[in-house]
Amino acid sequence: CTQPWFDCNETYADGCEINLSNDLNNCGTCSNRCAVANGAPTCTNGGCAVLSCTEPFADCNRTYGDGCETNTDSNVNHCGGCNIGCNLANATPVCNDAACEIDQCVGSFRDCNAVDSDGCEVNIDMNLAHCGGCNMACSFANAAAMCATRNCSMGSCNAGWVNLNGSTTDGCEYQCTAVPGTDFPDPSFIDSNCDGIDGARDAAVFVSPAGNDNSSGRWGAPVATIGRGISRAQGLGFSQVLVAAGVYD
């Protein structure tokens, strides 16, 4: 026979009937049949090769032996096409229907915007908008906020605001700007030291008709008579006796 023709059926009548260079059932040698998993074969120059693949399969390793070996619908290294890897920030990826998706987030990161393409974009350990979990905002009225190890805490008050009640639930709720010096009672009732009253709360004795002369006379525990208030202030070395409205003997 004249190459690449060959007499594979060993019959004189049809001569050298097979072209070994391109016959799918006799490729290179007689009875060497070309077959491709998940695709169609070709015989070229006496060698079997992959002609085409059946979607979603692809021949990503360019090797005839395993055919169209890759399912691009589900392979994270070839998602949607050969060599298209799923690399999502701070996440373990999965390939579904040729699209990269988040399988699970890593560590303290979370997918708060429900968008797979940017991965798990939020660190809930320190993000003010997502402190400790998605959409758990860390903020305080008129004050700075801090998120550390998933704990939200209040920082310093903004200028002109004071956390008078000591609670963080309402932030810095009292609008006031302190000025140097002692806050003495005045006709305009100006709270110059921002302690919530006109006067020095921590350096005064308080008197009220509803008080008790056995009380300390300090803020929240007034005495009942002005005389007791004066003597109590003298004993404490205070210069202010603040008297509530009322009738006194």
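Everything below is about the structure printed above this text.
The rules behind each value
- Residues numbered from 1 in each chain as written.
- Predicted model: local features only at pLDDT ≥ 70, side-chain atom pairs only at ≥ 80, totals over all residues.
- Heavy atoms only, no water.
- Pairing = 2+ DSSP bridges.
- Helix = DSSP H or I, 4+ residues; strand = E, 2+ residues; numbered from the N terminus.
- Core = buried A, V, L, I, M, F, W, Y, C linked by side-chain atoms within 4.5 Å.
- Buried < 20%, exposed > 50% of the residue type's maximum accessible area, 1.4 Å probe, protein only.
- Contact = heavy atoms within 4.5 Å.
- Salt bridge = Lys/Arg side-chain N within 4 Å of Asp/Glu carboxyl O.
- Disulfide = S-S within 2.5 Å.

K.L.:
Please explain the pairing of strand E11 (residues 143-148) as it appears in this structure.
P.N.:
For a regular strand, side chains alternate in direction, first toward one face of the sheet and then toward the other. Two elements, E11 and strand E12 (residues 151-157), share 5 bridges in a ladder whose sense is antiparallel. Following the sheet pairing, Met 146 is matched in E12 by Ser 153.

K.L.:
Is there a simple way to think about the nonpolar core in this case?
P.N.:
Side chains of nonpolar character tend, in soluble globular proteins, to be buried together. Ranked by size, the top nonpolar core spans 7 residues in total: Cys 131, Cys 138, Phe 140, Ala 143, Cys 147, Met 154 and Cys 172. Other than its neighbours up to four places away in sequence, Ala 143 contacts Met 154, Ser 156, Cys 157, Asn 158 and Cys 172.

K.L.:
What is the right way to look at the environment of Ala 40 in this model?
P.N.:
Tracing the sequence through the fold places Ala 40 in strand E3 (residues 39-44). Residues Ala 40 and Leu 51 lie 11 residues apart in sequence; the distance between their C-alpha atoms is 5.5 Å.

K.L.:
How should the pattern of salt bridges be read in this particular structure?
P.N.:
Counted according to the given criterion, the structure contains 1 salt bridge. Across the salt bridge formed by Asp 125 and Arg 150, the nearest N and O atoms sit 2.8 Å from each other. Highlighted residues: Asp 125 in the loop between strand E10 (122-123) and E11 and Arg 150 in the loop between E11 and E12, separated in sequence by 25 residues.

K.L.:
What is the right way to look at the state of the cysteines in this model?
P.N.:
By definition, a disulfide links the sulfur atoms of two cysteines through a covalent bond. All told, the structure shown has 14 disulfides when counted by the stated rule. The disulfide partner of Cys 1 is Cys 16, and the gap between their sulfur atoms is 1.8 Å. Sign of the S-S torsion, about -90° for the bond between Cys 1 and Cys 16, identifies this disulfide as left-handed. Placement of the pair is Cys 1 in the segment before strand E1 (5-6) and Cys 16 in the loop between E1 and strand E2 (18-19), with a sequence separation of 15 residues. When its relative accessible area of 57% is taken as the criterion, Cys 1 is described as exposed. The disulfide partner of Cys 34 is Cys 48, and the S-S distance across this bridge is 1.8 Å. Across the disulfide from Cys 34 to Cys 48, rotation about the S-S bond amounts to roughly -85°, and the bridge is consequently left-handed. Taken as a pair, Cys 34 in the loop between E2 and E3 and Cys 48 in strand E4 (residues 47-53) lie far apart in primary sequence, 14 residues in all. Accessibility expressed as a relative area gives 4% for Cys 34, which makes it buried.

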